[in-house]
Amino acid sequence: AGSMWGRAQCMATGIIPIRQSLCACAPTTVLLPLTPLLAVVAVSAQQSHMTSSFNVHPMLRCRYTTPARVPTSMRVDKLLTHLGYCSRDSTMNFVRKHNVTVGDSGEHLKSRKQHVKVADLRIGGKPVPYDLSPLHIVLHKPNGYVCTHEKGEHKTVFDLLPREMANRLPALGICGRLDKWVTGLVILTQDGQLQNQIITPKRQGSKKLDKEYIITARNPFRGDEASIFASGRLTLKGEPVACLPATFEVLDQAERRARIVLVEGKYHQVRRMMAAVGNGVPSTIKRVRIGPVSLGDLKEGEWRMVTDEELSAIHAWGKSRAEIERSRRQEAARSRERELQRRQKRAANLERMMGKKQDSSGPEEETGEEAEAEAETKSARQVKREDRRPREGEEEEAREGEREREREREGEGEREREREREGEGERERER
């Protein structure tokens, strides 16, 4: 029942088509008797959605994925929804209320299905400050704010952002949550891959981003905290596995301030580690850095965009030079593959157009279309030949590595035979 209600909300809010929802819920033999029930549920979900002003459930909002390529043109209702200004149903009300126009000439929108470009959209005579590219935000979380999408009795970190930015689709994800009473750096992003890379990197041999905290201890330091943290043998209560080696540095002995750097994120880890060494729960905890991204001079409650240099440093964190070069070659190969598919599709469209014109206009008008189609085919072949080059380079690199391993094995065998000969000579001399 919960799954059917969730899919009905998706159908009502336009996240997935009704036909796709019905086909994904159950087989055809089960759908026929359930069709009236699903229709009633969909209508109820539609009415529930219309009574609320753009209150999409966070679990449904998080199912959006970041597009591989940012579109430049889109229907105005979908565009305003993704930018977080309004829902699709209230698009025209928002357009009339906020004087939404197209271009510098002030052309009024005629329908919510009209396609517009983000750069041409004007809201109250001003251009849209952000396009559909994924947002990456650095936020200084104050005390008393909760890192969640759920609306409750507590204030959330999204209350510190502009309303349209907090309502954007895909929904902003939190890269490393902080407790309600912990302050400091929080990264918000619409890129799911970046979020996974910061929280739980899946790449083989990858290095996790370290997190730096400034704490105020409850009791004076004993002096052995740094060695205990760095030993890698500190076990928390209820944890079967010891914590990874961490950094502990005393900043001010009189004020009981210290710096802690962690490379993992267990539940309440800073508090539990300080309690495990006998100091008790810290009075204050503040996160000041995540990998290459630092809080800097950002004041509490303020936010800024992640810079391109910081994004590049996050993607390159823990990678060797060979891995970075391999990733660059793979990305270039994927770009060439997309270009090849685009040109092949265009060539196929030109061939269909050429066939239609041949039937309607005769053979005299074929030459130009044939030449253009032939040029597109040649261009596609050229892109395909270029696509083989990085793969040939990777194959050559693999063959070179295999030859190197073969030489190492031969050298090891020769050294083993030499040791056997020496042992035989020693035994002969003994006899």
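1. Observations regarding the nonpolar core
Phase 1: Counting 35 residues, the largest nonpolar core has Phe-158, Leu-188, Phe-229, Ile-260, Met-273 and Met-274 as its most contacted members.
Phase 2: Secondary-structure elements contributing two or more residues to this core are β7 (136-141), α7 (163-166), β11 (183-189), β12 (211-216), β14 (257-262) and α10 (269-276).
Phase 3: Leaving out residues up to four positions away in the same chain, Phe-158 has contacts with Thr-148, His-149, Ala-166, Leu-172, Ile-174 and Leu-188.
Phase 4: Formed by 18 residues, the second largest nonpolar core is a distinct cluster that contains Met-74, Leu-79, Phe-94 and Val-102.

2. Notes on the environment of Val-157
Phase 1: Counting through the fold element by element, Val-157 comes out in the loop between β9 (155-156) and α7.
Phase 2: Val-157 sits ten residues away from Cys-147 along the chain, and the two C-alpha atoms are 5.7 Å apart.
Phase 3: Ignoring any residue separated from it by four or fewer positions in sequence, one finds Val-157 in contact with Leu-139, Lys-141, Tyr-145, Val-146, Cys-147 and Ile-174.

3. Examining the sheet that holds strand β5 (residues 121-123)
Phase 1: As summarised here, the arrangement of the four strands in space is β3-β2-β5-β6, forming an open sheet in which the pairing is antiparallel. With one partner strand each, in any of the chains shown, β3 (107-108) and β6 (126-127) form the two edges of the open sheet.

4. Things to note about the pairing of strand β15 (residues 284-290)
Phase 1: In terms of burial, β15 is a largely internal element, five of the seven residues being buried.
Phase 2: Judged from the two bridges that link them, β11 and β15 form a sheet pairing that is parallel. Following the sheet pairing, Gly-184 is matched in β15 by Arg-287.
Phase 3: When β12 meets β15, the two strands line up antiparallel, connected through six bridges.

5. Examining the pairing of β11
Phase 1: Here β11 lies mainly inside the structure; seven of its seven residues are buried.
Phase 2: Here β7 runs beside β11; their pairing, made up of six bridges, is antiparallel. If you follow Val-138 over to β11, its bridge partner there is Ile-187.
Phase 3: In terms of strand pairing, strand β10 (residues 173-175) meets β11 through three bridges, oriented antiparallel. Bridging from a neighbouring strand, Cys-175 pairs with Ile-187 of β11.

6. Some thoughts on the packing of aromatic side chains
When we look at a pair of aromatic rings, we describe it by the centre distance and by the angle of the planes.
Phase 1: Taken as a whole and judged by the stated rule, the model has three aromatic pairs.
Phase 2: A ring pair is formed by Tyr-85 and Phe-94, whose centres lie 5.7 Å apart and whose planes are at 40°; its orientation type is tilted.
Phase 3: Relative to Phe-248, the ring of Phe-229 lies with its centre 5.1 Å away and its plane at 50°, an arrangement referred to as tilted. A residue pair is termed long-range when its members are at least 10 positions apart, and Phe-229 in helix α9 (residues 225-231) and Phe-248 in strand β13 (residues 247-252) qualify at 19 residues.
Phase 4: Overall, the relative accessible area of 2% leaves Phe-229 in the buried class.
Phase 5: Assessed through its relative accessible area of 7%, Phe-248 is described here as buried.
Phase 6: The structure contains a cluster of three or more aromatic residues connected by ring pairs, namely Phe-221, Phe-229 and Phe-248.

7. Structural notes on the pattern of salt bridges
Pairing is possible between side chains of opposite charge, provided their charged atoms come close.
Phase 1: Tallied over the full model, the rule gives 26 salt bridges.
Phase 2: With its nearest N and O atoms 2.8 Å apart, the salt bridge here joins Arg-427 to Glu-424. One end of the pair, Arg-427, and the other, Glu-424, are both in helix α13 (residues 366-430), three residues apart, so they sit about a helical turn from each other.
Phase 3: When the shortest N-O distance is used, the salt bridge between Glu-426 and Arg-429 registers 2.6 Å. In this pair, Glu-426 and Arg-429 are both assigned in helix α13, three residues apart and thus about one turn of the helix distant.
Phase 4: The class for Glu-426 is partly exposed, based on a relative accessible area of 36%.
Phase 5: Arg-429 sits in the exposed class, given a relative accessible area of 61%.

Calculation notes
Residues numbered from 1 in each chain as written. Predicted model: local features only at pLDDT ≥ 70, side-chain atom pairs only at ≥ 80, totals over all residues. Heavy atoms only, no water. Core = buried A, V, L, I, M, F, W, Y, C linked by side-chain atoms within 4.5 Å. Buried < 20%, exposed > 50% of the residue type's maximum accessible area, 1.4 Å probe, protein only. Helix = DSSP H or I, 4+ residues; strand = E, 2+ residues; numbered from the N terminus. Contact = heavy atoms within 4.5 Å. Pairing = 2+ DSSP bridges. Phe/Tyr/Trp six-rings, centres within 6.5 Å; stacked < 30°, edge-to-face > 60°. Salt bridge = Lys/Arg side-chain N within 4 Å of Asp/Glu carboxyl O.

Purely geometric stuff here, so don't read any function into it on its own.
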